[in-house]
Amino acid sequence: MNIVILGSGNAATHFGKAFQQLGHQIVQIYSKTKANADALAFALQCPGTDDLSQLLQHADLYLIAVADQAIPTIVERMSRDINGIVVHCSGASDMAILSRFKKYGVIYPPQSLSKNKIVDFSLIPFCVEGNDANTTEALLGLARTFSSRSIHCDSQQRLAIHLSSVLVNNFSNILYQFAYELLAEHNLSFDLVKPIILETAEKVQNHIPITVQTGPAIRGDETTQQKHLKFISNKPDLQQIYQLLSHQITKRK
């Protein structure tokens, strides 16, 4: 495939490198900042531009890999005459945002992507949707060259996956930060809880989470819970989170 990538950030970088490794040709990079476009274009050995009017019109695939709020602006400024498939890789944006094009869809990887961290795409279940059966089939075939675990799902299902990813990734990470700060206040290292973080993550690879739930809430140990709450009496936000999550655990006993 000849592929145009719109974006120059984390997702654009990883997709670009992965496409090249599979033998596809990146023919152009667009970014609203010329320096960013040129930097990724140099890495992928193709032209870069910051002018959407100069976008190549006859590529096979146009991957929009930008922040969700930037997608509508880019879409509105792209030519309707593009013959290739136009896709975005957002988990939260509806596919219909691309409906001005003839062929369009979504290739969404439920994974946190950082430029400087190697990502094994073969382990990611890409979520794919197309505006018709042929487009869906083409995109799913492409996604499965990345990962055999790739699936077809509609925009509502993809949103459920995106929200679930926020719960298990973004929300768990801020809980790690609360723990880091609490330990630091008592001159303790965050390294002390890293083994239990790994243990929990490993358990849910093979079990339904609630079946491996541990701790005072699932045991009904109110004495320990009250001791914890008293210990963080100067942290009302953390107290509120502790009580809310403990209640949700108790409900599922």
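Before any of the text, the structure's been laid out above.
Below is a summary of the structure that appears in this document.

About the thresholds
- Residues numbered from 1 in each chain as written.
- Predicted model: local features only at pLDDT ≥ 70, side-chain atom pairs only at ≥ 80, totals over all residues.
- Heavy atoms only, no water.
- Helix = DSSP H or I, 4+ residues; strand = E, 2+ residues; numbered from the N terminus.
- Buried < 20%, exposed > 50% of the residue type's maximum accessible area, 1.4 Å probe, protein only.
- Contact = heavy atoms within 4.5 Å.
- Areas by Shrake-Rupley, 256 points an atom, 1.4 Å probe, with all protein chains shown as cover.
- Lys, Arg positive; Asp, Glu negative; His and termini not counted.
- Charge placed at Lys NZ, Arg CZ, Asp CG, Glu CD.
- Salt bridge = Lys/Arg side-chain N within 4 Å of Asp/Glu carboxyl O.
- Expected span 1.5 Å × (residues − 1).
- Pairing = 2+ DSSP bridges.
- Axes fitted to C-alpha atoms, helices over the stretch in contact; angles between N-to-C directions.
- Phe/Tyr/Trp six-rings, centres within 6.5 Å; stacked < 30°, edge-to-face > 60°.
- Lys NZ or Arg CZ within 6 Å of the ring centre and 35° of its normal.
- Core = buried A, V, L, I, M, F, W, Y, C linked by side-chain atoms within 4.5 Å.

### A short note on the overall build of the protein
Then, in step 1: Check the secondary structure of the protein and you find nine helices and eight strands.
Then, in step 2: The dimensions of the protein, computed from C-alpha atoms along their principal axes, are 70 × 40 × 30 Å.
Then, in step 3: Burial analysis of the protein (253 residues in total) assigns 37% to the buried set.
Then, in step 4: Taking the intrachain contacts of the protein between residues at least 6 apart in sequence as the baseline, contacts between residues at least 24 apart amount to 51%.
Then, in step 5: Total accessible area computed for the protein in this model is approximately 14700 Å², and 54% of it derives from carbon and sulfur atoms.
Then, in step 6: The centroid of the 22 positive side-chain charges in the protein is displaced by 4 Å from the centroid of its 21 negative side-chain charges.

### Things to note about the pattern of salt bridges
Then, in step 1: Per the stated rule, a full pass over the model turns up six salt bridges.
Then, in step 2: Note that Glu-129 is salt-bridged to Arg-158, the shortest N-O span being 2.9 Å. Here Glu-129, found in strand E7 (residues 127-130), pairs with Arg-158, found in helix H5 (residues 155-185); they are 29 residues apart in sequence, far enough to count as distant.
Then, in step 3: Judged by relative accessible area, Arg-158 falls into the buried class, the value being 1%.

### Considering helix H1 (residues 10-21)
Then, in step 1: Helix length check: H1 (twelve residues) gives 17 Å between terminal C-alpha atoms against 16 Å at 1.5 Å per residue, within 8%.
Then, in step 2: Structurally, H1 contributes buried residues whose contacts are with strand E1 (2-6), strand E2 (25-30), helix H2 (34-44), strand E4 (61-64), strand E6 (104-108) and helix H4 (133-146).
Then, in step 3: Downstream of H1 by a residue or two, Gly-23 has a phi angle that is positive, lying close to 95°.

### What about the pairing of E1?
Then, in step 1: Along E1, four of the five residues are buried, which leaves the element largely enclosed by surrounding structure.
Then, in step 2: Pairing of E1 with E2 involves five bridges; the strand directions are parallel. Looking across to E2, one finds that Asn-2 is bridged to Gln-25.

### Structural notes on the sheet that holds strand E3 (residues 48-49)
Two modes of strand pairing occur in sheets, parallel and antiparallel, and in both the strands are linked by backbone hydrogen bonds.
Then, in step 1: Strand order in the open sheet formed by eight strands is E3-E2-E1-E4-E5-E6-E7-E8, with mixed pairing between adjacent strands. Strand pairing shows two members of the sheet lacking a second neighbour, E3 and strand E8 (151-152), which therefore form its edges.
Then, in step 2: As judged from the three bridges shared by strand E5 (residues 85-88) and E6, these two strands associate in the parallel manner. Across the sheet, the residue bridging to Val-86 is Tyr-104, located in E6.
Then, in step 3: Across the face of the sheet, H4 comes into contact with E4, E5, E6, E7 and E8 while running at roughly 155° to E7.
Then, in step 4: Contacts from H5 reach E5, E6, E7 and E8 within the one sheet, and its direction differs from that of E6 by about 25°.

### Description of the side chain of Thr-136
Then, in step 1: Mapped onto the fold, Thr-136 is located in helix H4.
Then, in step 2: Ignoring anything within four residues of it in the chain, the contact list for Thr-136 reads Val-128, Glu-129, Gly-130 and His-152.

### Side note on the packing of aromatic side chains
Then, in step 1: In total, this model carries nine aromatic pairs according to the counting rule given.
Then, in step 2: Seen in terms of ring centroids, Phe-15 and Phe-146 are 6.1 Å apart; in terms of plane orientation they differ by 70°. Their pairing is edge-to-face. Pair noted here: Phe-15 is in helix H1 and Phe-146 is in helix H4, with a separation of 131 residues, a long-range link. There is no split in this pair, since Phe-15 and Phe-146 are both buried.
Then, in step 3: Pairwise contacts between aromatic rings join Phe-15, Phe-19, Phe-121, Phe-126 and Phe-146 into one cluster.
Then, in step 4: Between Arg-100 and the ring centre of Phe-101, over which it is positioned, the NZ or CZ distance is 5.7 Å.

### Digging into the nonpolar core
Then, in step 1: Counting residues in each nonpolar core, the largest one holds 31 residues, and the members touching the most others are Phe-15, Phe-19, Ile-26, Ile-29, Leu-61, Phe-121 and Phe-126.
Then, in step 2: Elements supplying a minimum of two residues to this core: E1, H1, E2, H2, E4, E5 and H4.
Then, in step 3: Among the elements that make up this core, the one with the highest residue count is H4 (five residues).
Then, in step 4: Ranked by size, the runner-up nonpolar core spans 23 residues in total, among them Leu-55, Tyr-62, Tyr-104 and Tyr-108.

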